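Here's the letter readout for the chains.
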Amino acid sequence: MGIARSRSFTLLAAATVCAVVAATHPIWLRALGSALVTAEQPVKADVAVVLAGDSYGHRILKGAELVDKGYAPVALVSGPYGIYGLHECDLAIRFAVSKGYREELFVPVPHRALSTREEADALAKELRRRGVRRYLLVTSNYHTARAGRIFRRSIPEIEAHVIPARDEWFDPDRWWKHREGWKRFALEWEKTVAGWLGM
């Protein structure tokens, strides 16, 4: 009887835990999603810096909006090589121009970086060459916390303000309702943990 009661208690405890997790999942999933996001208010800066990696164009349009509103005179547009032999910055700028923004608002920064850390190193050279003292770092909402940490570590002497661009599929309050949201969440947390481990 003692063993049977012990097993029954264990099963009941496990079922209770599962029920609590299921009932509260919006709370902890929202917390995990929000942990990826850093949202700061835009301020006057020397430049906006638009990171690569958004095929929907939300990053470049957010950067264009910031420049258009007078927060920065120009947007430096990050552009890794490799999209059908082109640099992403050239495609991004072309897209923004097609949406009505003037081409002179953008400065392409082509490079061959393969990670956010390498991208920070590539953009650091341009920021230092221009004598920038403050910049607005524009990237997708789910990428803001990690990108902000990397850029501030790579360029500690220049003040950064991280500005989120909306993402097609990632809303920190409901990302788990879409397959694409799960993919962004899983990949960004994987990269975040890898960064903590120094990988």
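None of the values given here were measured: they were computed from a predicted structure.

A. Local environment of the pattern of salt bridges. Here the structure, examined in full by the defined rule, presents 14 salt bridges. Here Glu126 ties to Arg129 by a salt bridge, and the two come within 2.8 Å at their closest N and O atoms. Highlighted residues: Glu126 and Arg129, both in helix α4 (residues 116-129), separated by three residues, approximately one helical turn. Its relative accessible area of 15% is what places Glu126 among the buried residues. The exposure class assigned to Arg129 is exposed, which follows from its relative accessible area of 59%. Each member of the salt-bridge network shares a partner with another, and the members are Asp167, Arg179, Glu180, Lys183 and Arg184.

B. Structural detail: the environment of Trp175. Counting through the fold element by element, Trp175 comes out in the loop between β6 (159-165) and α6 (179-196). Along the backbone, Trp175 and Phe185 are ten residues apart, and their C-alpha atoms lie at a distance of 7.7 Å. There is a polar contact of 2.9 Å between the side chain of Trp175 and the backbone oxygen of Leu29.

C. View of the side chain of Asp167. Counting through the fold element by element, Asp167 comes out in the loop between β6 and α6. A polar contact is formed between the side chain of Asp167 and the side chain of Arg184, at a distance of 2.7 Å. Sequence-distant contacts of Asp167, defined by excluding residues within four places in its chain, comprise His58, Ser140, Asn141, Tyr142 and Arg184.

D. The arrangement of α4 in detail. The terminal C-alpha atoms of α4 lie 20 Å apart, and with 14 residues this matches the ideal 20 Å at 1.5 Å per residue to within 8%. Residues of α4 that are buried: Thr116, Glu119, Ala120, Ala122, Leu123, Ala124, Glu126 and Leu127. Along its buried surface, α4 packs onto β1 (47-50), β2 (75-83), β4 (106-111), β5 (134-140) and α5 (144-154). Taken from the residues just after α4, Gly131 is the one with a positive phi, measuring 70°.

E. Layout of helix α2 (residues 58-68). Of all the positions in α2, only His58, Arg59, Ile60, Gly63, Ala64, Leu66 and Val67 are classed as buried. Buried-residue contacts for α2 involve β1, β2, α3 (88-98), β4, β5 and β6. Directly beyond the C-terminal end of α2, a positive phi value near 90° is found at Gly70.

F. Representation of the side chain of Asn141. As for its position among the elements, Asn141 is in the loop between β5 and α5. Judged by its relative accessible area of 9%, Asn141 falls in the buried class. Among the polar contacts listed, one links the side chain of Asn141 to the backbone oxygen of Phe170, at a separation of 2.8 Å. Those residues in contact with Asn141, other than ones at most four positions away along the chain, are Leu36, Val37, Pro164, Ala165, Asp167, Phe170 and Pro172.

G. Up close: the pairing of β5. Among the seven residues in β5, six count as buried, and that is most of the element. Relative to β5, β1 is paired through four bridges, and the arrangement is parallel. Across the sheet, residue Val49 finds its bridge partner in β5, namely Leu137. Here β5 runs beside β6; their pairing, made up of seven bridges, is parallel. Bridge pairing in β6 links Val138 to Ile163.

H. Representation of unusual backbone geometry within the structure. At Tyr84, a position not held by glycine, the phi torsion is positive, near 50°. The topology assignment puts Tyr84 in the loop between β2 and β3 (86-87).

I. Up close: the nonpolar core. In this structure, Val47, Val49, Leu127, Tyr135, Leu137 and Phe151 are the most contacted members of the largest nonpolar core, which totals 21 residues. For this core, the secondary-structure elements that each account for two or more residues are β1, β4, α4, β5, α5 and β6. No other element matches the four residues that α4 contributes to this core. Beyond its immediate sequence surroundings of up to four residues, Leu137 is in contact with Val49, Leu51, Ala147, Gly148, Phe151, His161, Val162 and Ile163.

Scoring rules and cut-offs
- Residues numbered from 1 in each chain as written.
- Predicted model: local features only at pLDDT ≥ 70, side-chain atom pairs only at ≥ 80, totals over all residues.
- Heavy atoms only, no water.
- Salt bridge = Lys/Arg side-chain N within 4 Å of Asp/Glu carboxyl O.
- Helix = DSSP H or I, 4+ residues; strand = E, 2+ residues; numbered from the N terminus.
- Buried < 20%, exposed > 50% of the residue type's maximum accessible area, 1.4 Å probe, protein only.
- Polar contact = N/O pair within 3.5 Å; in protein donor to acceptor, adjacent residues only side chain to side chain.
- Contact = heavy atoms within 4.5 Å.
- Expected span 1.5 Å × (residues − 1).
- Pairing = 2+ DSSP bridges.
- Core = buried A, V, L, I, M, F, W, Y, C linked by side-chain atoms within 4.5 Å.

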